[in-house]
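So you can see what is in the structure, the chains are spelled out below.
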Amino acid sequence: MNLTTWHNLLQEYVNDSGQVDYQRWQVENAATLFQWLTQLSTIDLTTLESEELLAFWLNLYNALTIAEVLKAYPIDSIFPKVWGIPNLFSFWAFFQRQIWSNPLDNYSLNQIEHSQLRKKFDDPRIHFALVCASVGCPWLRREAYTPEKVEMQLSEDAHRFINNPVKVRYLSTENCLYLSMIFRWYRRDFEKVAPSVREYVQTYLDIPLSESVTIRYLDYDWSLNQRIS
């Protein structure tokens, strides 16, 4: 699995805060990304080991997401509004429409996330690696996931996300833990590996939490995670 092309594109068009320069990427190198995704279609997934598959699906999800944005750019969000009302059809189509295929099957973003990653790997850290092109998402890494490093990369992603006050913040004056909606949407995934969401967060959070902490959820920001050139 050749990851050099994807890695170099991330280095060129993503900054250290996970923002993507879609405008420049679209003009300069959209075709390069599309060609790389086509090449991935020829890989025999049955020959890949567990870490290779995990890295493959993580890279593919994020690359397909960027490709879909590049096809539609300029846009302000993958969850657009029409007359001030969220366009649920466009949102559904972004995740449910099958946009990639190989000899085994056709895949949508949701199929990659739920049928391949969540079901087969059962690791909640993937929720800090999958980036749906929104500000509320985790930061997009400036490097490809690799079989040799994917375990370390996922742990880094979890630590970075949980210690980012935009995503997770604790107010001691209120004894309140404010969490990204990701922890609400996928609560059961986190509770498979920890007694509670609070205890999962504490695994990575650099400050201690009391057992009596109140949990509240932050509004999710669906605006595009774009970097302005």
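About the criteria used
- Residues numbered from 1 in each chain as written.
- Predicted model: local features only at pLDDT ≥ 70, side-chain atom pairs only at ≥ 80, totals over all residues.
- Heavy atoms only, no water.
- Helix = DSSP H or I, 4+ residues; strand = E, 2+ residues; numbered from the N terminus.
- Rg over C-alpha atoms; globule rule 2.2 N^0.38 Å.
- Buried < 20%, exposed > 50% of the residue type's maximum accessible area, 1.4 Å probe, protein only.
- Areas by Shrake-Rupley, 256 points an atom, 1.4 Å probe, with all protein chains shown as cover.
- Lys, Arg positive; Asp, Glu negative; His and termini not counted.
- Charge placed at Lys NZ, Arg CZ, Asp CG, Glu CD.
- Pairing = 2+ DSSP bridges.
- Axes fitted to C-alpha atoms, helices over the stretch in contact; angles between N-to-C directions.
- Phe/Tyr/Trp six-rings, centres within 6.5 Å; stacked < 30°, edge-to-face > 60°.
- Lys NZ or Arg CZ within 6 Å of the ring centre and 35° of its normal.
- Salt bridge = Lys/Arg side-chain N within 4 Å of Asp/Glu carboxyl O.
- Core = buried A, V, L, I, M, F, W, Y, C linked by side-chain atoms within 4.5 Å.
- Contact = heavy atoms within 4.5 Å.
- Polar contact = N/O pair within 3.5 Å; in protein donor to acceptor, adjacent residues only side chain to side chain.
- Expected span 1.5 Å × (residues − 1).
- Arc of directions from axis to C-beta.

Participant: Would you mind going over the overall build of the protein with me for this structure?
Facilitator: When helices and strands are tallied, the protein shows nine helices and seven strands. Here the C-alpha atoms of the protein give a radius of gyration of 18 Å, agreeing with the 17 Å that 2.2 N^0.38 yields for 229 residues. Each of the three principal axes of the protein carries a C-alpha extent, and together these read 50 × 45 × 30 Å. For the protein, with 229 residues in total, the buried portion stands at 50%. Accessible surface, the protein: about 11,500 Å² in total, of which carbon and sulfur atoms supply 50%. Between the centroid of the 21 positive side chains of the protein and the centroid of its 27 negative side chains there is a distance of 6 Å.

Participant: So what exactly am I meant to see when it comes to the sheet that holds strand S7 (residues 214-217) here?
Facilitator: To summarise the sheet geometry, strands pair through backbone hydrogen bonds and adopt either a parallel or an antiparallel arrangement. One open sheet accounts for three strands, arranged S5-S6-S7; its pairing is mixed. Taken across any chain shown, the strands that pair with only one partner, and hence form the sheet edges, are strand S5 (168-171) and S7. Here the strands of the sheet are splayed against their neighbours by 20° on average, with no regard to which way each runs. Sheet analysis places S5 next to strand S6 (residues 176-179), joined by four bridges and oriented antiparallel. What sits directly across from Leu171, in S6, is Cys176.

Participant: I'm lost on the packing of aromatic side chains in this one. Help?
Facilitator: Ring pairs (aromatic) are described by centroid distance and by the angle formed between their planes. What the rule picks out here adds up to 25 aromatic pairs. Every member of this aromatic cluster is reached through a ring pair, and the members are Phe79, Phe91, Phe94, Phe95, Trp185, Tyr220 and Trp222. The ring of Phe34 has Lys71 lying over it, and the distance from NZ or CZ to the ring centre is 5.7 Å. Here Arg169 stacks its cationic end above the ring of Tyr178, 5.7 Å away from the centre of that ring.

Participant: Just to check I follow, could you spell out the pattern of salt bridges for this structure?
Facilitator: Pairs can form between side chains of opposite charge once their charged atoms are near each other. Using the criterion set out here, one finds 17 salt bridges in the structure. Note that Glu12 is salt-bridged to Arg24, the shortest N-O span being 2.8 Å. One end of the pair, Glu12, is in helix H1 (residues 4-13); the other, Arg24, is in helix H2 (residues 22-40), and twelve residues separate them in sequence. Overlapping salt bridges bring together Arg141, Glu143, Lys149, Glu156, Asp157 and Arg160 as one network.

Participant: Which parts of the structure should I look at to understand the nonpolar core?
Facilitator: A general trend in soluble globular proteins is that nonpolar side chains are found buried together. Membership of the largest hydrophobic core comes to 76 residues, with the highest contact counts inside it found for Trp25, Leu33, Leu58, Ile162, Phe183 and Val201. Top element by residues in this core is helix H3 (residues 50-72). It accounts for 13 residues. In this structure Phe183 touches Phe128, Phe161, Ile162, Val168, Phe190, Val197, Tyr200, Val201 and Tyr217, once residues within four positions along its chain are discounted.

Participant: Even after reading the chapter, I still don't get the side chain of Ser196, so can you show me in this structure?
Facilitator: Mapped onto the fold, Ser196 is located in the loop between helix H8 (187-191) and helix H9 (197-204). A polar atom in the side chain of Ser196 sits 3.1 Å from the backbone nitrogen of Glu199.

Participant: I'm lost on H3 in this one. Help?
Facilitator: In an α-helix, one turn spans 3.6 residues, which is why side chains three or four residues apart end up on the same side. Its 23 residues place the ends of H3 34 Å apart at the C-alpha level, agreeing with the 33 Å of an ideal helix rising 1.5 Å per residue. With 17 of 23 residues buried, H3 lies mostly within the body of the structure.

Participant: What's the story with the environment of Gln11 in this structure? I'm lost.
Facilitator: Relative to the assigned elements, Gln11 resides in helix H1. Relative accessible area serves as the criterion here: at 35%, Gln11 is assigned to the partly exposed category. A C-alpha to C-alpha distance of 19 Å links Gln11 and Glu148, two positions 137 residues apart in sequence.

Participant: Looking at this model, I keep getting lost on H1. Mind explaining?
Facilitator: For H1, the complete set of buried residues consists of Trp6, Leu9, Leu10 and Tyr13. Along H1, the residues classed as buried sweep out an arc of 100° about the axis, all on the same side. Structurally, H1 contributes buried residues whose contacts are with H2 and H3.

Participant: Could you clarify how one ought to interpret the side chain of Asn175 in this entry?
Facilitator: Position of Asn175 relative to the elements: it lies in the loop between S5 and S6. Using a relative accessible area of 19% as the deciding quantity, one classes Asn175 as buried. At 2.8 Å, the side chain of Asn175 and the side chain of Tyr170 are in polar contact.

So far we have only geometry, and geometry alone does not tell us how the molecule works.
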